[in-house]
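Listed here are the chains, written in short residue letters.
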Amino acid sequence: APIGLTVNWKKTKIQSLSDFLPPTPDVAVNGEQVEAVTSFTYLGASINTSCRSRPEIIRRLGMARASMKDLDHIWRSRLAMQTKIRLYNVCIVPIALYASETWTLNQSDNDKIDAFDQWCLRRICNVRWFDRVTNVEIRRRTAQAPLSQAVARRRLTLFGHVARMDRRRDTSRALRARVPKGWKRPVGRPRATWTSTVEKDVAPLGFGLHTALKKAENRPGWRRCIHAATLPQ
């Protein structure tokens with residue numbers, strides 16, 4: 001206030017990132033009511049109170065699906081298949097996978113992402129369900145790897161970036177605190193975490209999270225690991 005700055009109370013919200021605690025009530029500040037919300041969009045990504053990635057995945061895929069329909073005149077045109085695929089990778093994939101390197105995914109989430117990708121590729125190829133063309137054939141025609149593999153590459157790239165950070169930075173400290181002992185969690189089935197997802201990504205390479213942290217410090221070597229971990233199955 002002394003330098004002329006004021007709070008925009010209409011844009012100010014409060015959010016609790018704990019779905020196992022009672023809902024957070026609205027808060028009164030300086031006579032203004034601050035609304036408690038269960039989701040908040042920050043830097044283009046939706047943060048949900050549950051701390052799960054599913055709401056953001058559904059939101060992102062919905063936005064990308066709408067953009068696909070807006071470009072129907074492109075997919076139905078006589079452009080070469082290679083050109084259409086390049087447009088898809090430039091115009092649609094970035095919408096669907098914005099901030100996907102931070103997502104925590106289970107198999108159901110991966111299937112949902114790949115199903116959307118398959119729907120897009122069929123639309124690009126002008127193939128309908130009654131044409132009896134298999135998903136394998138669509139992949140062969142478009143030479144596209146499943147979109148879930150692109151998410152895994154981004155996730156492992158971010159892991160390597162954080163692993164090479166100055167160890168005094170908060171992000172690096174949080175990751176290194178998580179690797180050896182994990183966090184204390186509420187009672188019930190353990191929830192999938194970002195680091196457990198990374199651990200599954202590197203499992204085919206025959207090492208765990210602790211070894212991955214060491215290997216990620218070597219940038220060229222980690223790039224080779226990412227390539228090997230995300231090869232088509």
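Residues numbered from 1 in each chain as written. Predicted model: local features only at pLDDT ≥ 70, side-chain atom pairs only at ≥ 80, totals over all residues. Heavy atoms only, no water.

(A) Local environment of the overall build of the protein. Broken down by element type, the protein carries ten helices and five strands. Principal-axis analysis of the C-alpha atoms places the extent of the protein at approximately 60 × 45 × 40 Å. Within the protein, contacts between residues separated by at least 24 positions form 60% of all contacts whose residues are at least 6 apart in sequence. Entry remark: accessible area of the protein is about 15,000 Å², with carbon and sulfur atoms responsible for 55%. Across the protein, the 42 positively charged side chains and the 19 negatively charged ones have centroids separated by 5 Å. (Helix = DSSP H or I, 4+ residues; strand = E, 2+ residues; numbered from the N terminus. Contact = heavy atoms within 4.5 Å. Areas by Shrake-Rupley, 256 points an atom, 1.4 Å probe, with all protein chains shown as cover. Lys, Arg positive; Asp, Glu negative; His and termini not counted. Charge placed at Lys NZ, Arg CZ, Asp CG, Glu CD.)

(B) Spotlight on the packing of helix 1 (residues 54–70) against helix 3 (residues 81–96). At their nearest, the axes of helix 1 and helix 3 sit 7 Å apart, and the two run at 155° to each other. Considered as vectors, helix 1 and helix 3 are oriented roughly antiparallel to each other. Counting all contacts with helix 1, which are made through Arg60, Leu61, Met63, Ala64, Ser67 and Met68, the residues of helix 3 involved are Tyr88, Ile92, Ile95 and Ala96. (Axes fitted to C-alpha atoms, helices over the stretch in contact; angles between N-to-C directions. Parallel < 35°, antiparallel > 145°, perpendicular 65-115°, else oblique.)

(C) Highlighting the environment of Leu17. Along the chain, Leu17 falls in the loop between strand 1 (13–14) and strand 2 (27–29). Excluding its chain neighbours within four sequence positions, the residues that come into contact with Leu17 are Ile47, Asn48, Thr49 and Cys51.

(D) Region of the structure containing the pattern of salt bridges. With the rule as written, the count across this model stands at 14 salt bridges. A salt bridge links Asp117 to Arg139; the nearest nitrogen and oxygen atoms lie 2.7 Å apart. A residue pair is termed long-range when its members are at least 10 positions apart, and Asp117 in helix 4 (residues 107–124) and Arg139 in helix 5 (residues 135–142) qualify at 22 residues. Accessibility expressed as a relative area gives 0% for Asp117, which makes it buried. (Salt bridge = Lys/Arg side-chain N within 4 Å of Asp/Glu carboxyl O. Buried < 20%, exposed > 50% of the residue type's maximum accessible area, 1.4 Å probe, protein only.)

(E) Spotlight on the packing of aromatic side chains. Evaluation of the coordinates by the stated rule reveals three aromatic pairs. Between Phe159 and Trp222, the aromatic rings sit 5.7 Å apart at their centres with planes inclined by 40°, giving tilted as the arrangement. Residue Phe159 is found in helix 6 (residues 147–163), and its partner Trp222 is found in helix 10 (residues 219–229); the two are separated by 63 residues along the sequence. Judged by relative accessible area, which is 0%, Phe159 ranks as buried. (Phe/Tyr/Trp six-rings, centres within 6.5 Å; stacked < 30°, edge-to-face > 60°.)

(F) Representation of the side chain of Thr195 within the structure. Structurally, the position occupied by Thr195 is in helix 8 (residues 194–202). In this structure the side chain of Thr195 is engaged in a polar contact, spanning 3.2 Å, whose partner is the side chain of Thr193. In contact with Thr195, other than residues within four places in its own chain, are Leu175, Arg178 and Leu209. (Polar contact = N/O pair within 3.5 Å; in protein donor to acceptor, adjacent residues only side chain to side chain.)

(G) Quick peek at the packing of helix 6 against helix 10. Interaxial distance between helix 6 and helix 10 falls to 10 Å at its minimum, and their mutual angle equals 155°. Overall, the two elements helix 6 and helix 10 adopt an arrangement that is roughly antiparallel. Along this stretch, helix 6 crosses helix 10, giving a crossing that reads as right-handed. Residues Arg153, Leu156, Thr157, Phe159 and Gly160 of helix 6 touch helix 10, and the partners they reach there are Trp222, Ile226 and Ala229. (Left-handed = near helix turned anticlockwise from the far one by under 90°.)

None of the figures reported here should be taken as evidence of function without further support.
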